[in-house]
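In case you want the letters, here they are:
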Amino acid sequence: MTVRFSDIRIDRKKVRRMYLKIHRDGSVSMTVPAQAGQETVRLFFEEKKTWVEETLRHMPAQPHHTYVQGEKHFFMGRTVFLECIQGSPEGCRIDGERACLMIPAEGGDPRRLMIDCWKKALERQLQDSVRYWEAAAGVRAAGFSVKEMKTRWGTCHLRTGKLCFALELASKPVLCIEYVVLHELTHLLEAGHTPRFRAIMSYYMPDWKERKKILNESPREFM
Ligand SMILES: [Zn+2]
C-alpha cells in the first residue's frame, strides 16, 4: 500500500506542532500550524510515511461486500438491499428499498453495475447541487468530475477551477453532498481553511458543521 502526500487531509489550526493521525477508516490526516509551509508539512509526512503504510497494512479490512442477494448498502443516505436477477439487458435500478441488479448469466459484474448506478445518481445530484450553490455563493466552477478517492470527499483545483468529488459520496445523505459541494466552491473564494473560509461557509450554510459531522461519523462505505 502506498500513501501519497496528495491523499492526506491537512487541517491548519492554531497548534504549535504537527500531528499525523490514521483514522479507523484508513484515512490519514495532519494537523499543522496555520503558517507552516507546504514543504515543511510534506517533509514531516515523508518522515512518517513508512510507519503510516506499515500501520495501514495491519488495520482490519473495511466492510467487505460480496454483491449478493439481500446485501445491505447505502444509497444517498438510505439503506437499500440488493436484489439480484439474472437476465438482460444488464443494469441496476433503485426501487424504494431495493437496488435491483439485472445480471447477465455470463460475465456479469454486479459490483460494476452497482457502481455505475451509484455514480450516475451522484452525478445527477451534483449537477443540481453545484448549480444551486454556484448561484447562491456567486461563484462559478469550471465543471466537475467524480472518481474513487480514498481519503477525501472532494477537491478543488484552484488553477483550473475544476471540482472533483469522491464516488463514495453516493452513499451519503444529500445534505452531506451539498456540504462538500459548497466546501469545494468556497475554495474558489478562499484557498485555505482560514477563518474567512469558515465565515463564508457559515454565511451560506449555517449548519455546515453538523453536516460535516454526519458525513464523517459513519465509516466510508466503500462499494
Ligand atoms: Zn477544503
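Just so it is clear, the structure is predicted and the values come from calculations on it, not from any experiment. Within any chain, residue numbers begin from 1 and follow the written order of that chain's sequence. Reporting in this predicted model follows two pLDDT cut-offs: at least 70 for local features of residues, and 80 or more for side-chain atom pairs to be given and counted; totals over whole chains, interfaces and linings ignore these cut-offs and use all residues.

**Q** I'd like to hear about the overall build of the chain, residue by residue, with values.
**A** Numbering of helices and strands starts at the N terminus; helices are DSSP runs of H or I of at least 4 residues and strands are runs of E of at least 2. Helix and strand counts for the chain come out as five helices and 10 strands. The reference for a compact globule is 2.2 Å times residues^0.38; the radius of gyration itself is calculated from the C-alpha atoms. Over its C-alpha trace the chain gives a radius of gyration of 19 Å, about what one expects of a compact globule, namely 17 Å for 223 residues. Along the three orthogonal principal directions, the C-alpha set of the chain runs to about 60 × 45 × 30 Å. Residue burial is a threshold on neighbouring C-beta atoms within 10 Å of the residue's own C-beta, all placed from the backbone, with 20 or more meaning buried, 12 or fewer meaning exposed, and counts in between meaning partly exposed. Burial status across the chain gives 23% buried among its 223 residues. Residues are scored as being in contact if the C-beta atoms we place from backbone atoms lie within 7 Å. Across the chain, contacts joining residues at least 24 apart in sequence account for 47% of those joining residues at least 6 apart.

**Q** Break down the sheet that holds strand S6 (residues 91-95) for me, citing the residues and quoting the values.
**A** Two strands are said to pair when DSSP picks up at least two bridges between them. On the basis of which strands lie adjacent, the open sheet formed by four strands has the order S4-S5-S7-S6 and mixed pairing. Taken across any chain shown, the strands that pair with only one partner, and hence form the sheet edges, are strand S4 (72-75) and S6. On average, adjacent strands in this sheet sit at an angle of 35° to one another, irrespective of strand direction. Summarising the sheet, S6 and strand S7 (residues 98-103) pair through five bridges and their orientation is antiparallel. If you follow Gly91 over to S7, its bridge partner there is Met102. Working convention: axes come from line fits to C-alpha atoms, limited for helices to the stretch in contact. Angles between N-to-C directions cover 0 to 180 degrees. Against the sheet, helix H2 (residues 110-137) makes contact with S4, strand S5 (78-86), S6 and S7, and its axis sits at roughly 130° relative to S7, the strand it touches most.

**Q** Quick rundown of helix H3 (residues 174-186)? Include the residues and the values.
**A** The length a helix should cover is 1.5 Å for every residue beyond the first. Taking 1.5 Å of rise per residue, the 13 residues of H3 would be expected to cover 18 Å, and the 18 Å separating its terminal C-alpha atoms lies within 8% of that figure. Most of H3 sits inside the fold, with 11 of its 13 residues counted as buried. What H3 keeps buried is the set Cys176, Ile177, Glu178, Tyr179, Val180, Val181, Leu182, His183, Glu184, Leu185 and Thr186. Tucked into the core, H3 has its buried residues touching H2, strand S9 (154-157), strand S10 (162-166), helix H4 (195-204) and helix H5 (208-217).

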